[in-house]
Structure formats: structure tokens, C-alpha cells
Amino acid sequence: MLLAAVLAGGATGCGADTGAPPAPGAPGSTSGPSTSGPTPGPSTSGTTPGPGTPGATTGPSAPRDDPRPGQVLVRVTVTGGFAGVRNRLVVHRDGGWTIRSGDKPPRTGRQTPAEAAELRAALEDPAFALVPARPTGRPIADGFQYEVAYRHRVVVAGDGDRPPALQRVFDALPEGGPPTSP
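What this report covers is the structure whose coordinates are included nearby. (Residues numbered from 1 in each chain as written. Predicted model: local features only at pLDDT ≥ 70, side-chain atom pairs only at ≥ 80, totals over all residues. Heavy atoms only, no water.)

### Observations concerning the overall build of the protein chain
Then, in step 1: The secondary structure content of the protein chain amounts to 4 helices and 6 strands.
Then, in step 2: Reading the helices (α) and strands (β) of the protein chain from amino to carboxyl end gives α-β-β-β-β-α-α-β-β-α.
Then, in step 3: Of the contacts formed within the protein chain by residues at least 6 apart in sequence, a portion of 47% connects residues at least 24 apart.
Then, in step 4: Taken as a whole, the protein chain presents about 12100 Å² of accessible surface, with 57% of it coming from carbon and sulfur. (Helix = DSSP H or I, 4+ residues; strand = E, 2+ residues; numbered from the N terminus. Contact = heavy atoms within 4.5 Å. Areas by Shrake-Rupley, 256 points an atom, 1.4 Å probe, with all protein chains shown as cover.)

Written out as C-alpha cells, the structure reads:
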């Protein structure tokens, strides 16, 4: 028994770094089990945390990062319809956007600064934060389903299920709204 403890202690005490943190209650650990909540997801380096995210600063004195190319502002996925489309629109914080429709080559463009500001304002509107995360109305046969991913929130809506705050976001999207063409 003593030999097993010495060998186990020798592997951790001789500078061997396995990259794994010590088990709760094991020698070298400083606290018990963590109760801080779920484990964070994959790294999102290069992105800015949203309001309510640990480390996020909000309010009038919050520093404003200049938008960088590649930072996703919003992602809209459209599925369904008669043709069974699956289209994706990604709008970046700098106003650049890409639409992917089936096996067609992607279409790209850029919003003007005013258009990009209008989209950001619609997404940051407190009323948009109150839009239900799942459809609340009856589905429309062969209608479209819209999935809007903004920051750490996803809103799913159908054709007959567009609260005014969601419609404001749709109206501010490039090319007049979510991509529904096959």
C-alpha cells in the first residue's frame, strides 16, 4: 500500500505534467468539487462576450470594440418550403455577409454602415430578447422555419410566427430578409 502511494505521489511530484487538473480532494487540489455550473463550450477566441456573460461590460461606459472581419454578428438558417430549402445567411460584425443555398456557389456582399447599425440595433432591442425561443403558433404546411442565432441565444420561428421584434430583425437583414430562394 505504501509503495502504491509513493509511486502515485512520485508521478505527480516529479514535475510530470499530464495537462489534467488534480481530482477534487487529491493532493495538490485546493478546493472540493466545483459547483460553478456547466463547463464552457469550445473556445471562441476573437469574439466579444455578450451582455450577461462573465467578463462582459455593458452600459454607456462599456468599451466598444471595432468590428473585426470574421466576427459573426448573426446567423440565420432557413429550412422547409415546397422545395425543401436549407439556406444559411451569416452576417459579420463588420457588415460583410454570405448566403449559402444548397450546392450553389455562395453569394457575398456588404451592408452599408447604416444598414449594419440598423441590424445591430434590431438584435440588441430588449423586445428581441423577449421573443420566444420556440414557435408558439400552429405550423404552416410547407412553410419555412427560421433559426436566428445571435450571441448565445437561438430563436426558432415559423412563417406564421413573427413577433414585431423578430420582424424588425428580418427587415434589417441583407437582401430584404431571410434567404428563402432554393
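### Concerning the packing of aromatic side chains
Then, in step 1: Within the structure shown, the criterion is met by 3 aromatic pairs.
Then, in step 2: Measuring from ring centre to ring centre gives 6.5 Å for F128 and Y150, while their planes differ by 65°; the resulting arrangement is edge-to-face. Note that F128 is positioned in helix 3 (residues 126-129) and Y150 in strand 5 (residues 144-150), a separation of 22 residues in sequence. Of the two residues examined, F128 and Y150, each falls in the buried class.
Then, in step 3: Residues Y146 and F170 carry aromatic rings whose centres are separated by 5.1 Å and whose planes lie at 55° to one another, so their mutual orientation is tilted. Taken together, the positions of Y146 in strand 5 and F170 in helix 4 (residues 164-172) put the pair 24 residues apart, joining distant regions of the chain.
Then, in step 4: Among the aromatic residues, ring-to-ring pairing joins F144, Y146 and F170 into one connected group.
Then, in step 5: The positively charged end of R153 is found above the aromatic ring belonging to F128, 5.8 Å away from the centroid. (Phe/Tyr/Trp six-rings, centres within 6.5 Å; stacked < 30°, edge-to-face > 60°. Buried < 20%, exposed > 50% of the residue type's maximum accessible area, 1.4 Å probe, protein only. Lys NZ or Arg CZ within 6 Å of the ring centre and 35° of its normal.)

### A closer look at the pattern of salt bridges
Two side chains bearing opposite charge may form a pair once their charged atoms approach each other closely.
Then, in step 1: The tally for this structure, following the rule as stated, stands at 5 salt bridges.
Then, in step 2: Close ionic contact of D125 with R168 constitutes a salt bridge, the shortest N to O distance being 2.8 Å. Note that D125 is positioned in the loop between helix 2 (113-124) and helix 3 and R168 in helix 4, a separation of 43 residues in sequence. (Salt bridge = Lys/Arg side-chain N within 4 Å of Asp/Glu carboxyl O.)

### Looking at unusual backbone geometry
A negative phi angle characterises most non-glycine residues, just as the trans form characterises most peptide bonds.
Then, in step 1: Residues other than glycine seldom take positive phi values, yet D142 does so here, at roughly 55°.
Then, in step 2: Summarising the element assignment, D142 is placed in the loop between helix 3 and strand 5.
Then, in step 3: Unusually for a residue other than glycine, E175 sits at a positive phi of about 60°.

### Regarding the nonpolar core
Then, in step 1: In terms of nonpolar packing, the biggest core is built from 26 residues, with V74, L119, L123 and F128 touching the most fellow members.
Then, in step 2: Where this core is concerned, the elements lending two or more residues are strand 1 (72-80), strand 2 (85-92), strand 3 (96-101), helix 2, strand 5, strand 6 (153-158) and helix 4.
Then, in step 3: The element contributing the most residues to this core is helix 4, with 5 residues. (Core = buried A, V, L, I, M, F, W, Y, C linked by side-chain atoms within 4.5 Å.)

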